[in-house]
Amino acid sequence: AVSNNQALQQCSPKSIFVSAMRAASLKLSVDPALRQAHLVPFGNEATLIVDYHGLLTLSVNTNYYEKAPHVSEVYEGETVKINRFTGACEIAGEKSSDIIIGWMAYFKAKNGTERWEYMTNEQIDAYALKYNPKGFNNPKGVWSKERDKMRRKTVLRVLLTKWGNFSPDVKSLIVRDDDPDNIIDATFDMPSDENVVIPAKDEQAEKHKRSSEENL
């Protein structure tokens, strides 16, 4: 990830290492090809941003869902009916064009609980502008380059932060986005191996081990 990104090469090794360790603790890959999590440079610091596929992976790994979280487009001509008592959403009408007007997220837990979240494009953009104004207005950012992708991810993240079965630590991480204010503040020093002593082999133990393996 770092060798293919000149901006990351300018980041502090500590911030890169801590971000990669955070991804590893969540069992997410930072390989850009897998699109689970990304090491994103903000100035001279790298931070971890969980991608759409990473949110799905985190969800599946909880083993909480009968039907894993999913986000679907809502097109022009279609309308969304929301049951105000249960929160259930239903798409009605006929698609009249390929213009996307909103996004709907859904999951069903193994205990039978179902949750929906519907947001129009305008609601999503207003949400992004409120919580991440720098990222949303950045002409070089993903909100400018891949807005539909970010809209899909935002609806999924809203659903999961409201109703997903995550620990508080994971929840605090998945609400991160491409916000330059999210800077690593962890302190981490690599230990020195200068005084590490490698013990000599115990010949008697090695002999016993070989004997055990032969018996097996």
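Here the structure is shown first, and the text comes after it.
The following paragraphs examine the structure supplied in this document. Everything quoted here is computed from the prediction, not taken from an experiment.

1. Examining the pairing of strand β1 (residues 37-42)
No. 1: Two strands pair when backbone bridges link them, and β1 and strand β2 (residues 45-50) are joined in this way by six bridges, in the antiparallel orientation. Looking at the pairing, V40 lines up with T47 of β2.
No. 2: As consecutive antiparallel partners, β1 and β2 are separated by two residues, and within that stretch G43 has a phi angle of approximately 70°, a positive value.

2. Regarding the packing of aromatic side chains
No. 1: On inspection of all chains with the given rule, the structure shows five aromatic pairs.
No. 2: Aromatic pair Y64 and Y65: ring centres 5.0 Å apart, planes at 80°, arrangement edge-to-face.
No. 3: Overall, the relative accessible area of 22% leaves Y64 in the partly exposed class.
No. 4: Through successive ring pairs, a cluster of aromatic residues spans Y64, Y65 and F107.
No. 5: Sitting over the ring of Y75, K95 keeps its end group 4.1 Å from the ring centre.
No. 6: A cation over a ring is seen here: R115 above W163, with NZ or CZ 3.9 Å from the ring centre.

3. A look at the pattern of salt bridges
No. 1: Enumeration according to the criterion identifies 10 salt bridges in this entry.
No. 2: Among the ionic pairs, E66 bridges to K108, the shortest N-O distance being 3.8 Å. With E66 in strand β3 (residues 65-75) and K108 in strand β6 (residues 100-109), this pair connects stretches of sequence that are 42 residues apart.
No. 3: Counted as one network, the salt bridges with shared partners bring together R35, D51, E146 and K149.

4. Considerations on the environment of A7
No. 1: For A7, the position within the fold is in helix α1 (residues 6-9).
No. 2: Expressed as a C-alpha distance, the spacing of A7 and E45, which sit 38 residues apart in the sequence, is 9.7 Å.

5. Considering the sheet that holds β6
No. 1: Strands sit in the order β3-β6-β7 across an open sheet of three strands; the sheet is antiparallel. Of all strands in the sheet, those bounded by a partner on one side alone are β3 and β7 (114-120). Each strand of the sheet is rotated relative to its neighbour by a mean of 10°, with strand direction disregarded.
No. 2: Alignment of β3 against β6, held across eight bridges, turns out to be antiparallel. Bridge pairing in β6 places V74 opposite G102.
No. 3: Sitting on the sheet, helix α4 (residues 121-131) is in contact with β6 and β7, with an inclination near 85° to β7.

Here is what the cut-offs are and how they apply
Residues numbered from 1 in each chain as written. Predicted model: local features only at pLDDT ≥ 70, side-chain atom pairs only at ≥ 80, totals over all residues. Heavy atoms only, no water. Pairing = 2+ DSSP bridges. Helix = DSSP H or I, 4+ residues; strand = E, 2+ residues; numbered from the N terminus. Phe/Tyr/Trp six-rings, centres within 6.5 Å; stacked < 30°, edge-to-face > 60°. Buried < 20%, exposed > 50% of the residue type's maximum accessible area, 1.4 Å probe, protein only. Lys NZ or Arg CZ within 6 Å of the ring centre and 35° of its normal. Salt bridge = Lys/Arg side-chain N within 4 Å of Asp/Glu carboxyl O. Axes fitted to C-alpha atoms, helices over the stretch in contact; angles between N-to-C directions. Contact = heavy atoms within 4.5 Å.

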